[in-house]
Amino acid sequence: MGLLSSSVSVTRYKVNGRIQNPVIETITSGLKKNVIQDVDGEDANTVVGWTDFDDPFQPKFESSSLIVGPYLIFSMRMDKKSIPAKVVQKNFAIESAKRLAKNLKTFLSRNEKKEIKDQVIRTLTLRIPATPNVYDAIWSHEQESVWLFTHQKTACEAFETLFFKSFNLSLIRYFPFTMADLLCGLEAVQRDTLSRLTPTRFAG
Amino acid sequence: MLDVSVSYNRYKFIGYEFLTWLWYVIENDKDILSDSESPGALVEIGNRLVLQNHLTHTVETITIKGDDAGLEEAYMALQKGAVVTEINLSYKSEEQIWRFCLKGESLGISNLKTPDTAPIEKKEDIEGAILEKGYLYEKLFSFLDKTFNRFIRLRISEAWSTNIVPDIQKWIRSSERK
């Protein structure tokens, strides 16, 4: 879901720590080091990496497209190969029949079945192209905040991991407790009260 | 700070109470949602409201949806002890309208539709569009953060149990007559 779409979902983060100077060069270098790799024709199933917001299939990370006003704009791409279970089932049946005929046997052992199934999945993974999913992100370096334009659990988790790997900075997801703790400017006594809250019963 | 997953689950109820308080404020005390940065800001309940009752043995979920849906069943659920777990809102400021859904447990924003922005006709328009969208997102987030801040300060104050909760209970009871 793109940040310019007519309807978006947003996950907001606080960046925990400061990136080292020079900021733009450090960020560009982090993005380039973990750029998305093509997995078509390889046996990898899923790959995650950074890409350009305006050219997600040929990323270059030029500062002209990366920096927009106070924002750093980039995207995470997650390419995944999904093999339908019935396709695996069909190819497994064909390969099993071939093996039985070749060895003049009437049944296959559990290990043989597993070996055939693994081989079928490997072969299919090589042949099937990966489906790309692109998730846009805005990093406001001054405000130490990042907005990721999705709520998908797997995408958020992959984004948090990739961000840490690339910039050596962790992200704290905003939800009720972290918002209260990090955004409300509470003093130590108020923080203590916050941590001891229990649910209110409104129905009197 | 507490472990993230522990604090997420342990304090989900803060988000539910925030949304329930927000509904109460929208119906009874809209002015407190305005401030110097958003004078005359108007917040209204949109076309979806989800409540959950955790007081029963099994969690009961009540969903009200539709542009002209009545809220009678939602009031009834409140009377039985439910809290708001998801709400669709419209936020109006300076003749511009944002529409979005807020989920209580995460305060995640989904289905966010900002006010209309200039159309993108050529590649050079993209930068302007990002800046415009960025400004519109920031404006909404700033409003939500301030409103949440107001709620949290009330929630951890003595006024919560002495004034606010009795007022909300009075509102819930008065809805029986609606």
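## A few points about the overall build of chain B
Each helix and strand counted, chain B has five helices and five strands in total. With respect to the three principal axes, the spread of C-alpha positions in chain B is 55 × 45 × 35 Å. Here chain B, with 178 residues, has 29% of them falling under the buried criterion. Looking at chain B alone, contacts between residues at least 24 apart form 52% of all its contacts between residues at least 6 apart.

## As for the nonpolar core
Grouped together as the largest cluster of nonpolar side chains are 77 residues, with contacts concentrated most on Ala137(A) and Leu51(B). Apart from residues no more than four positions distant in its own chain, Leu51(B) is found in contact with Ile62(B), Ala74(B), Ala77(B), Leu78(B), Ala82(B), Val83(B), Val84(B) and Thr85(B).

## Here's the deal with the interface of chain B and chain A
Accessible area lost during the coming together of the parts is what is often quoted as the interface size. Between chain B and chain A, the residue contacts involve 45 residues of the former and 38 residues of the latter. Within the residue set of the side of chain B that touches chain A, elements represented by two or more residues are helix H1 (4-10), helix H2 (12-28), helix H3 (72-79), strand S5 (109-113), helix H4 (125-155) and helix H5 (158-174) of chain B. Broken down by element, the residue count for the side of chain B that touches chain A peaks at 14 residues, all from H4(B). The residue inventory of the side of chain B that touches chain A, partitioned by class, reads 24 nonpolar, 12 polar and nine charged. Bridge count between strand S1 (residues 8-16) of chain A and S5(B): two bridges; the pairing is antiparallel. Looking at the pairing, Val8(A) lines up with Leu112(B) of S5(B).

## Overview of the environment of Ala82(B)
All names here are of chain B. Along the chain, the position of Ala 82 falls in the loop between H3 and strand S3 (83-93). Residues Ala 82 and Ala 41 lie 41 residues apart in sequence; the distance between their C-alpha atoms is 28 Å. When neighbours within four sequence positions are excluded, Ala 82 is seen to be in contact with Leu 51, Gln 52, Asn 53, Glu 60, Ile 62 and Ala 77.

## Describing H5(B)
Over its 17 residues, H5(B) extends 24 Å from the first C-alpha to the last, a length consistent with the 24 Å expected when each residue adds 1.5 Å. At Ile164(B), H5(B) shows its largest kink, close to 35 degrees, and the proline Pro166(B) lies no more than four residues downstream.

## So, the environment of Pro59(A)
Residue and element names in this part refer to chain A. Tracing the backbone through its elements, the reader meets Pro 59 in the loop between strand S2 (46-51) and helix H2 (63-66). On the neighbour-count criterion, Pro 59 (21 C-beta atoms within 10 Å) is buried. The contacts of Pro 59, once residues within four sequence positions are left out, are Val 35, Ile 36, Thr 51 and Asp 52.

## With respect to the domain arrangement of chain A
Each domain of chain A was delimited in the assignment, giving domain 1 (11-82 + 129-195) and domain 2 (85-127). Computed from C-alpha coordinates alone, the two centres of domain 1 of chain A and domain 2 of chain A are separated by 41 Å.

## Some remarks on helix H1 (residues 23-33) of chain A
Residue and element names in this part refer to chain A. Of the residues making up H1, those classed as buried are Ile 27, Gly 30 and Leu 31. Buried residues of H1, seen end-on, are gathered within an arc of 100 degrees and therefore sit on one face of the element. Opposite the packed face of H1, turned more than 90 degrees from it, sit the exposed residues Glu 25 and Lys 33. Buried residues in H1 make contact with S2, strand S4 (71-80) and helix H5 (153-167).

## Things to note about the packing of helix H6 (residues 176-183) of chain A against H2(B)
Running from amino to carboxyl end, H6(A) crosses H2(B) at an angle of 85 degrees, the nearest separation of the two axes being 7 Å. Here H2(B) runs roughly perpendicular to H6(A), going by the angle between their axes. Of the residues in H2(B), those touching H6(A) at Pro176(A), Phe177(A) and Ala180(A) are Lys12(B), Ile14(B), Gly15(B) and Phe18(B). Residue composition of the contact of H6(A) with H2(B), grouped by class: five nonpolar, one polar and one charged.

## Quick word on the packing of helix H3 (residues 85-103) of chain A against helix H4 (residues 110-127) of chain A
All names here are of chain A. Here H3 crosses H4 at 125 degrees, and the two axes come no closer than 9 Å. In terms of axis orientation, H3 runs oblique to H4. For the crossing formed where H3 meets H4, the hand is right-handed. Contacts between H3 and H4 involve Val 87, Val 88, Asn 91, Phe 92, Glu 95, Ser 96 and Arg 99 on the former and, on the latter, Glu 112, Ile 116, Lys 117, Val 120, Ile 121 and Leu 124.

The rules behind the values
- Residues numbered from 1 in each chain as written.
- Chains lettered and ligands numbered in written order.
- Predicted model: local features only at pLDDT ≥ 70, side-chain atom pairs only at ≥ 80, totals over all residues.
- Helix = DSSP H or I, 4+ residues; strand = E, 2+ residues; numbered from the N terminus.
- Buried ≥ 20, exposed ≤ 12 C-beta atoms within 10 Å, placed from the backbone.
- Contact = placed C-beta atoms within 7 Å.
- Core = buried A, V, L, I, M, F, W, Y, C linked by C-beta atoms within 7 Å.
- Nonpolar A, V, L, I, M, F, W, Y, C, P; charged D, E, K, R; others polar.
- Pairing = 2+ DSSP bridges.
- Expected span 1.5 Å × (residues − 1).
- Bend = angle between axes of the 7 residues up to and from the residue.
- Domains from an automatic or database assignment.
- Arc of directions from axis to C-beta.
- Axes fitted to C-alpha atoms, helices over the stretch in contact; angles between N-to-C directions.
- Parallel < 35°, antiparallel > 145°, perpendicular 65-115°, else oblique.
- Left-handed = near helix turned anticlockwise from the far one by under 90°.

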